[in-house]
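Observations on the model geometry
If you want the building blocks of each chain, they are given just below.
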Amino acid sequence: MPKALIAGNWKMNGDIATARELAGAIAAGSDAHACDYLVCPPFTALTEVSGVLADSGVLLGAQDCHSAASGAHTGDVSVGMLTDIGCHYVIVGHSERRSDHGESNALVKSKAAAALKGGLSVIICVGESESERESGTALATVERQVVGSLPETSNSTNTVIAYEPVWAIGTGKVPTTAQISEMHLHISSVLENEMSDSDAASTRLLYGGSVNPENATEILRCSRVNGALVGGASLKAESFLAIGQSCP
Ligand code: 13P
């Protein structure tokens, strides 16, 4: 079993002072646990949080990147800019980017490929909508997203897949443990066609969507769940660290 990764996606929340305080509390409380921690603040707080986390063992990630190395891309941030300020990871293909910015699997794949080329690890997000779940096409949807978003250069050390059903994000609704296990085992078998057997077996698969300290224990025990991508509950050090302490 790969070591669990507990990742916090802070989304578009907080100012520099709150980011500094939150990162400091996570760094102070993190080293006793048997999982890796990653925090993904907004771009504006990355430099500050990078300084706070230095030597803490808590990893730093960004929430998006552009696929080009530099150039005329107003408002975008390149992979080199992220490694320059100490990022280890970048999230690509979050459902909020897929819906707010119309990001396709092909675009997500190009961002992931650029990130890997530039030395970042990636968390590639996938997940079905509520109507896809209800119509019985969840497995096929997620399979299409994984196959379409995964670069050829992905392996188990540079790539993490996060399964985040769109209908579970920020809603308090969580799939059953049977649904989570079924999807994670499906993603694992899809990876067997895309990677070497050993990479497919050891690529970390995170669950995301309304994870909190109360439901973390049962979610983190589901088949082939190797950690969590946490939104709301990552904005308080206490609840984020409690999720980490729930790792089996
Ligand atoms: P919530 O934990 O707030 O549901 O958000 C999940 C998410 O989107 C993490 O990327």
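Presented here is a report on the structure given in the accompanying data block. Because the structure is predicted, anything quoted here is derived from the model rather than measured. (Residues numbered from 1 in each chain as written. Predicted model: local features only at pLDDT ≥ 70, side-chain atom pairs only at ≥ 80, totals over all residues. Heavy atoms only, no water.)

Notes on the packing of helix α5 (residues 105-117) against helix α7 (residues 138-149)
Across the interface, α5 lies against α7 with an axial gap of 8 Å and an inter-helix angle of 40°. Here α7 runs oblique to α5, going by the angle between their axes. Remark: the crossing between α5 and α7 carries right-handed chirality. Counted together, N105, A106, V108, K109 and A112 of α5 and R144, Q145, G148 and S149 of α7 form the full contact between these two elements. (Axes fitted to C-alpha atoms, helices over the stretch in contact; angles between N-to-C directions. Helix = DSSP H or I, 4+ residues; strand = E, 2+ residues; numbered from the N terminus. Parallel < 35°, antiparallel > 145°, perpendicular 65-115°, else oblique. Left-handed = near helix turned anticlockwise from the far one by under 90°. Contact = heavy atoms within 4.5 Å.)

With respect to the layout of surface pockets
Taken as a whole, the largest pocket spans an internal volume of roughly 450 Å³. Lining the largest pocket are 18 residues, and of these M12, Q63, D64, R97 and H101 sit closest to its centre. Tallying contributions element by element places helix α4 (residues 95-100) first for the lining of the largest pocket, with three residues. Classifying every residue of the lining of the largest pocket gives five nonpolar, seven polar and six charged. (1 Å grid on protein atoms, 1.4 Å probe; cavity = no way out; pocket = protein on both sides within 12 Å on 5 of 7 lines; lining within 4 Å. Points joined across faces, edges and corners; volume = space filled by probe spheres on them. Nonpolar A, V, L, I, M, F, W, Y, C, P; charged D, E, K, R; others polar.)

Description of the packing of aromatic side chains
The final tally for this structure, using the stated rule, is two aromatic pairs. Where Y37 meets F240, the ring centres are 5.6 Å apart and the plane angle is 55°; that geometry is what we call tilted. Placement of the pair is Y37 in strand β2 (residues 36-40) and F240 in helix α11 (residues 237-245), with a sequence separation of 203 residues. Judged by its relative accessible area of 2%, Y37 is buried. (Phe/Tyr/Trp six-rings, centres within 6.5 Å; stacked < 30°, edge-to-face > 60°. Buried < 20%, exposed > 50% of the residue type's maximum accessible area, 1.4 Å probe, protein only.)

Overview of the pairing of β2
Counting buried residues in β2 gives four out of five residues, a clear majority hidden from the surface. Of the pairings in the sheet, the one linking strand β1 (residues 5-9) to β2 comprises five bridges and is parallel in character. Counted as the bridge partner of A7 is L38 from β2. For the crossover that starts at β1, traverses helix α1 (residues 16-30) and ends in the parallel β2, the hand is right-handed. Sheet analysis places β2 next to strand β3 (residues 59-62), joined by two bridges and oriented parallel. From the neighbouring strand, V39 faces β3, where its bridge partner is L60. In this view, the connection linking β2 to its parallel neighbour β3 by way of helix α2 (residues 46-53) has right-handed handedness. (Pairing = 2+ DSSP bridges. Right-handed = clockwise from strand over helix to strand, strands pointing away.)

Taken by themselves, the reported measurements are silent on function.
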